[in-house]
Amino acid sequence: MCYRCFSYYSMYGHVAKLAEQIQKGAASVEGVEAKLWQVPETLPEEVLGKLGAPPKSDVPIISPHELDEADGLIFGFPTRFGMMCAQFKAFFDSTGGLWRTQKLAGKPAGIFFSTGSQGGGQETTALTAITQLAHHGMIFVPIGYTFGAGMFEMEKVKGGSPYGAGTYAGDGTRQPSELELEQAFHQGKYMAGIAKKFKGSA
């Protein structure tokens, strides 16, 4: 059994929708168990209310040590000024114990993301997030152009890049498109296959 963990943070639900598709994609691979986890919220309820954030889903909250149980990991988050949001950075900052012992070293890991606009960090968010993986010794697995023709779509607005699946939230009312959800499903399936190969060769 290849256990794969998808950890994400989502304030308005865009990243959560991608995460659900990634989980479905991974679960479509024989022998893979795909689990969704949320990272802890750092903002108080009062602030979340003023921001108009909907209630959190019932997806369980992850603790750092649970990352070590997975054979592979995919991390998802919205961008803040071209980098991962503070909530997810705070979670990575809490993994010092895993870093000291290099418990995550050698694990394949991917990323996915949401930005507010086309110039809002679809690639810089991914590039700056890779530093977290590198310090842990994780092996970054991008999707490259394995999504095929969907990577070259020019007639429709589409998030995502060779670094991972993505979506555009706009002012918050835009939801992930069918093509963006298909790319997320593909990433989950692709990464699950990679994780199986890693586990099989261990």
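Anything mentioned here points back to the structure above.
To start, this report covers the structure provided alongside it. All residue numbers here refer to positions counted from 1 along the written sequence of the relevant chain. With the structure being a predicted model, the display of local features is reserved for residues of pLDDT at least 70 and the display and counting of side-chain atom pairs for 80 or more, all residues being used for whole-chain, interface and lining totals. Calculated side-chain values reflect all of the structure's heavy atoms, with hydrogen atoms and water omitted.

Each helix is a run of H or I in the DSSP string that is no shorter than four residues. Each strand is a run of E no shorter than two, and both are numbered from the N terminus. Across its full length, the chain carries six helices and seven strands. Each helix (α) and strand (β) of the chain, taken in turn from the N terminus, gives the series β-α-β-α-β-β-α-α-β-α-β-β-α. C-alpha atoms define the radius of gyration in this analysis, and the globule rule sets the expected value at 2.2 Å times the number of residues to the power 0.38. What you see for the chain is a C-alpha radius of gyration of 16 Å, in line with the 17 Å of a compact globule of 202 residues. With the C-alpha coordinates of the chain rotated into their principal frame, the extents come out at 45 × 40 × 30 Å. For the chain, the exposed surface amounts to about 9500 Å²; the carbon and sulfur share of it is 58%. Note on areas: these come from Shrake-Rupley sampling with a 1.4 Å probe, and a residue is covered only by the protein chains present in the view.

Turning to the environment of Leu181, a few remarks are in order. Locating Leu181 in the fold gives a position in helix 6 (residues 178-201). For the pair Leu181 and Gly166, spaced 15 residues apart in sequence, the C-alpha separation works out to 8.7 Å. Those residues in contact with Leu181 that sit more than four places away from it in its chain are Lys17, Leu18, Gln21 and Pro176. Whether two residues are in contact is decided by their heavy atoms, any of which lying within 4.5 Å being enough.

Turning our eyes to something else, we now look at the environment of Gln183. Looking at the secondary structure, you find Gln183 in helix 6. Sequence separation between Gln183 and Lys199 is 16 residues, and the spatial gap between their C-alpha atoms is 24 Å. If we ignore the near neighbours within four places in the chain, the residues touching Gln183 are Ile143, Phe147, Met151, Lys158, Gly159, Gly160, Ser161, Gly164, Ala165 and Gly166.

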